[in-house]
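Spelled out, the chains give:
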Amino acid sequence: MGTNIELEEGWAIILNQIRKMVNIIEGVPESPMDGTIHATIYTMCTERDPFDYSKDLYERYQGVYNDYLSCRVLPAIQQKQDNVSMLQEFAKRWANHKVMVGKLCRFFDYLERYYIPRRQLPSLKDIGFSCFREIVCEKMKVRVRDAVILLINREREGNEIDRGLVKSVLEVFVEIGNENGKDNLDYYVNDFKTAFLSDTASSMLGKLLMGLRL
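Residues numbered from 1 in each chain as written. Predicted model: local features only at pLDDT ≥ 70, side-chain atom pairs only at ≥ 80, totals over all residues. Heavy atoms only, no water.

The name given to the protein in an unreviewed UniProt entry is Cullin N-terminal domain-containing protein, and the organism recorded there is Papaver somniferum.

In structure tokens form, the structure reads like this:
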């Protein structure tokens, strides 16, 4: 590889490291990552035209989330047949996604510091959160909401439930609107609170929400 890195050549290096990162996050045996992703992204963003690929990398950054969430995360949640395992998978996938967003933000840091501010584009974190919201939450929110209400009503009837799991699921919808520190609770309010307030489980909701990081 010479001084200049062609787009597809560099992107292949980046994708190989991202694949390793995803496997590590998901607990799949994988060889350790190396520093090539940092060096490759930096080089591809600082070369002179026509080898400055900042715009291309920014666009493909979102594509990484789109492919991963559509092909691996959403199907893994949807295939769960019972409510508890579905909610567990949903909460686990959100936790993994936050780790993934944090790591990718560091890998593509040059875009965050220079390319994004100059063009007033959505931040890397905003893109990561938005992709999860649009690809996963929008498709699963009704099933997730109904499952949570069912569990809470079961507890009201005297059955034991995993309160920690319910709280973790509700926290997803609180956090999903908190992009770059903006306390936007619209997603929680629209997708959960309104439904709970119209349900007899609303008093239990308040107890379960105690301690959420609002």
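Colleague: Lay out the environment of Ile77 in plain terms, naming residues and giving numbers.
Modeller: Examined against the element boundaries, Ile77 turns out to sit in helix α3 (residues 54-78). Once residues within four sequence positions are removed from consideration, Ile77 is found in contact with Met86, Glu89, Phe90, Arg93, Val136, Met140 and Arg143. (Helix = DSSP H or I, 4+ residues; strand = E, 2+ residues; numbered from the N terminus. Contact = heavy atoms within 4.5 Å.)

Colleague: Break down the confidence of the model for the protein for me, with residues and values.
Modeller: In the predicted model, the protein carries a mean pLDDT of 86, and 81% of its residues have values of at least 70. Throughout residues 210-214 the model reports pLDDT below 50, and contacts reaching past four residues in sequence, or to other chains, amount to 11 contacts. (pLDDT = per-residue confidence, 0-100.)

Colleague: Can you break down the packing of aromatic side chains residue by residue, with the values?
Modeller: The tally for this structure, following the rule as stated, stands at 9 aromatic pairs. With a centroid separation of 5.6 Å and 90 degrees between ring planes, the pair formed by Tyr42 and Tyr110 is classed as edge-to-face. Remark: Tyr110 occurs in helix α5 (residues 109-119) and Tyr42 occurs in helix α2 (residues 36-46); sequence separation between them is 68 residues. Of the residues examined, Tyr42 reaches a relative accessible area of 48% and is grouped as partly exposed. Measuring from centroid to centroid gives 5.2 Å for Tyr61 and Phe108, while their planes differ by 70 degrees, and the two rings are edge-to-face. Residue Tyr61 is located in helix α3, and its partner Phe108 is located in the loop between α4 (83-107) and α5; the two are separated by 47 residues in the primary sequence. Given the relative accessible area of 0%, Phe108 is considered buried. (Phe/Tyr/Trp six-rings, centres within 6.5 Å; stacked < 30°, edge-to-face > 60°. Buried < 20%, exposed > 50% of the residue type's maximum accessible area, 1.4 Å probe, protein only.)

Colleague: Which residues make up the side chain of His97, and what are the values?
Modeller: Tracing the backbone shows His97 in helix α4. Discounting chain neighbours no more than four positions away, the residues touching His97 are Tyr65, Leu69, Gly128, Phe129 and Phe132.

Colleague: Pulling in residues and values, what's your account of the packing of α4 against helix α6 (residues 124-156)?
Modeller: Two quantities define a packed helix pair, namely the angle between the axes and the distance from one axis to the other. Following both chains from N to C, one finds α4 and α6 inclined at 165 degrees, their axes separated by 10 Å at the closest point. With respect to α6, the axis of α4 lies roughly antiparallel. The crossing of α4 and α6 is left-handed. When grouped by side-chain class, the residues that make up the contact of α4 with α6 number 18 nonpolar, 3 polar and 3 charged. (Axes fitted to C-alpha atoms, helices over the stretch in contact; angles between N-to-C directions. Parallel < 35°, antiparallel > 145°, perpendicular 65-115°, else oblique. Left-handed = near helix turned anticlockwise from the far one by under 90°. Nonpolar A, V, L, I, M, F, W, Y, C, P; charged D, E, K, R; others polar.)

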